[in-house]
Amino acid sequence: HIFMCGFSLGMDKLVVCPYKRPDALCRLICFPWAGGGTSRFAQWGEFFSSSVEVFTVRLPGRESRFEEPFAKDMATVVNEITSVLLKEFQEKPFAFFGHSFGSYVSFAVALHLKEKYGLEPLHLFLSGAHAPHSEAFLPLKTVRISDIKDEELWNYLESLRGTSALLHSEDMRKHLLHSVREDLRVLQTLSFEKPERNVPFTCDLTCFNGSEDKSNDLEAWYDLTTGDISFYELPGGHLYLLEPSNEIFLTKHISKCIENAGL
């Protein structure tokens, strides 16, 4: 049994990729938001040309990994993603797209790859997130998760996306609340202090935000790369990227950035 749990099994568990493109020049790895699954980003594959293959990361505790315990901390998440995908990261250029919680996960993975293996994404696309060393990130790290009542959390989630329309059963609702809490717990274990002199990245970085979302501390991302940084605000709230017109903008823009990288 142990021998059967080979690389591809780990890969099938962790990554969803309905549009396989073995000859692609670059892979785009997508990281969902807190409590989020893979279905939305998995469909992004069809919006890209044959030069980009889209992988979406699936964390434990959801979808086909429902039976697995949720990750305990960010280091566990980062280690799983890195160990399963290291060969992929080494064999061809890759870019990351993360939204909200997914932005922080993608940042943590990128940092680990750089520090441990000298590997770096071609481009970091970050959405709906503060820079992880900014003042604005502190409340996320210090809120007591156990103090947040289910009703409060549900109302907050509904305000983001009208969640009740999507969830028909009490079980699904409970599972979503549990997933969001567990992801927040993981987020609180992200420890990053900006190095004094050393800038972690050299890659280009693009930040996206919803115009009606709370404003994120984006300026502080300047501290983290020597590459070019650009900012885009798209119409909508925190989950602005679920709007088809925004999705088209994002995928076109990401395509253009990857194509302009001259692979």
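Preceding this paragraph is the structure being described.
Presented here is a report on the structure given in the accompanying data block. Computed from a prediction, not measured in an experiment: that's the story for all the values here.

### Considerations on the environment of Lys214
Along the chain, Lys214 turns up in the loop between strand 6 (204–210) and strand 7 (229–234). Residue classification places Lys214 among the partly exposed residues on the basis of a relative accessible area of 46%. C-alpha of Lys214 to C-alpha of His238: the two residues are 24 residues apart in sequence and 7.7 Å apart in space. When neighbours within four sequence positions are excluded, Lys214 is seen to be in contact with His130, Asn209 and His238.

### Section: helix 4 (residues 101–117)
In a regular helix each residue adds 1.5 Å, so 17 residues correspond to 24 Å; helix 4 covers 24 Å between its end C-alpha atoms and thus fits that length. Counting buried positions over the 17 residues of helix 4 gives 13, a clear majority of the element. Gly118 sits one or two residues past helix 4 and shows a positive phi near 65 degrees.

### Regarding the sheet that holds strand 3 (residues 52–57)
Strand pairing in a sheet is mediated by backbone hydrogen bonds. Such pairs are either parallel or antiparallel. One open sheet accounts for seven strands, arranged 1-3-2-4-5-6-7; its pairing is mixed. The strands lining the two open edges of the sheet, one partner per strand, are strand 1 (15–16) and strand 7. The pairing of strand 4 (residues 94–99) with strand 5 (residues 123–127) spans four bridges and is parallel. The residue bridging Gly98 from the neighbouring strand is Leu126, located in strand 5. Along the sheet, helix 4 makes contact with strand 2 (26–31), strand 4 and strand 5, crossing strand 4 at roughly 150 degrees. Helix 8 (residues 244–260) rests against strand 2, strand 3, strand 4, strand 5, strand 6 and strand 7 of the sheet, and its axis sits at about 165 degrees to strand 7.

### Observations regarding helix 7 (residues 170–188)
Spanning 19 residues, helix 7 covers 27 Å between terminal C-alpha atoms, matching the ideal 27 Å at 1.5 Å per step. Of all the positions in helix 7, only Leu176, Leu177, Ser179, Val180, Arg181, Glu182, Asp183, Leu184, Val186, Leu187 and Gln188 are classed as buried.

Scoring rules and cut-offs
Residues numbered from 1 in each chain as written. Predicted model: local features only at pLDDT ≥ 70, side-chain atom pairs only at ≥ 80, totals over all residues. Heavy atoms only, no water. Helix = DSSP H or I, 4+ residues; strand = E, 2+ residues; numbered from the N terminus. Buried < 20%, exposed > 50% of the residue type's maximum accessible area, 1.4 Å probe, protein only. Contact = heavy atoms within 4.5 Å. Expected span 1.5 Å × (residues − 1). Pairing = 2+ DSSP bridges. Axes fitted to C-alpha atoms, helices over the stretch in contact; angles between N-to-C directions.

These values are about where atoms sit, not about what they do.
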